[in-house]
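# Fold and contact review
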Amino acid sequence: GYYTIICNARIDSFAGNYQYLDIIKTDSSGTYSSSSATLIVRSLESDGATDYTELQAQSLAYLQASDYVAVYWANSGDNNVTINADTYFSMFKVG
């Protein structure tokens, strides 16, 4: 069926070049390298902040019973960041 998928990620102390948050449809391996992995939505931010930033990604996606959803965060230029506990993920079946 169709699902609304939402992820808000708070990233603390990011000072790199860019960062992104991906929501993907995958198989039970949960990996990007899976042959069944498909990008559902990407949120990209290209400026750093010394305190915190928030990335938001949301989409309506059709999922079958065998599909899995995974969230990935990656960046360029900073290896000393924290994903804050204020980060959340939600998914609701809408049809």
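Treat the numbers as computed from the prediction; the structure is a model and nothing was measured. (Residues numbered from 1 in each chain as written. Predicted model: local features only at pLDDT ≥ 70, side-chain atom pairs only at ≥ 80, totals over all residues. Heavy atoms only, no water.)

Assigned secondary structure in the protein chain consists of zero helices and seven strands. Overall size of the protein chain, expressed as C-alpha extent along the three principal axes, is 40 × 25 × 20 Å. Here the protein chain holds 95 residues, and the buried ones make up 32% of them. Counting only contacts in the protein chain whose residues sit at least 6 apart along the sequence, the fraction spanning at least 24 positions is 74%. Surface summary for the protein chain: the accessible area is close to 5700 Å², and the carbon and sulfur share equals 47%. Of the side-chain charges in the protein chain, 4 are positive and 10 negative, and the distance between the mean point of each set is 12 Å. (Helix = DSSP H or I, 4+ residues; strand = E, 2+ residues; numbered from the N terminus. Buried < 20%, exposed > 50% of the residue type's maximum accessible area, 1.4 Å probe, protein only. Contact = heavy atoms within 4.5 Å. Areas by Shrake-Rupley, 256 points an atom, 1.4 Å probe, with all protein chains shown as cover. Lys, Arg positive; Asp, Glu negative; His and termini not counted. Charge placed at Lys NZ, Arg CZ, Asp CG, Glu CD.)

Now for a nonpolar patch on the surface. A cluster of nonpolar residues, Tyr2, Leu60, Tyr62, Phe92 and Val94, forms a patch on the protein surface that exposes about 540 Å² of accessible area. Positionally, Val94 belongs in the segment after β7 (88–93). A relative accessible area of 51% places Val94 in the exposed class. (Patch = residues over 30% accessible without salt bridge, like charges linked within 9 Å, V, L, I, M, F, W, Y side chains within 5 Å. Salt bridge = Lys/Arg side-chain N within 4 Å of Asp/Glu carboxyl O.)

Another aspect to go through is the packing of aromatic side chains. One pass over the full model with this rule turns up one aromatic pair. Here the aromatic rings of Tyr2 and Tyr62 are separated by 5.1 Å at their centres, their planes lie at 65 degrees, and the arrangement is edge-to-face. In this pair, Tyr2 is assigned in strand β1 (residues 2–12) and Tyr62 in strand β4 (residues 52–62), connecting sequence segments 60 residues apart. Residue Tyr2 is classed as partly exposed on the basis of its relative accessible area, which comes to 42%. On the basis of relative accessible area, Tyr62 is assigned to the partly exposed category, the value being 45%. (Phe/Tyr/Trp six-rings, centres within 6.5 Å; stacked < 30°, edge-to-face > 60°.)

Taken in spatial order, the three strands of this open sheet run β3-β2-β5, and their pairing is antiparallel. Since the sheet does not close on itself, it has two edges, and those belong to β3 (38–45) and β5 (68–76), each with one partner. Adjacent strand axes in the sheet meet at a mean angle of 15 degrees, parallel and antiparallel pairs treated alike. Sheet topology note: the strand β2 (residues 18–26)/β3 ladder contains seven bridges and is antiparallel. For Tyr20, the partnering residue across the bridge sits in β3 and is Leu44. (Pairing = 2+ DSSP bridges. Axes fitted to C-alpha atoms, helices over the stretch in contact; angles between N-to-C directions.)

The next subject is the confidence of the model for the protein chain. Of all residues in the protein chain, 96% have pLDDT values of 70 or greater, and the mean over the chain is 88. The spread of mean pLDDT over the elements of the protein chain runs between strand β6 (residues 82–83), the lowest at 87, and β7, the highest at 96. (pLDDT = per-residue confidence, 0-100.)

Counting 13 residues, the largest nonpolar core has Ile5, Leu21, Ile23 and Ala57 as the members making the most contacts within it. Counting only elements with at least two residues in this core, the list comes to β1, β2 and β4. At five residues, the largest contribution of residues to this core is made by β1. With residues up to four places along the chain from it excluded, the contact list for Ala57 reads Ile5, Ile6, Cys7, Leu21, Ile23, Val41 and Ser43. (Core = buried A, V, L, I, M, F, W, Y, C linked by side-chain atoms within 4.5 Å.)

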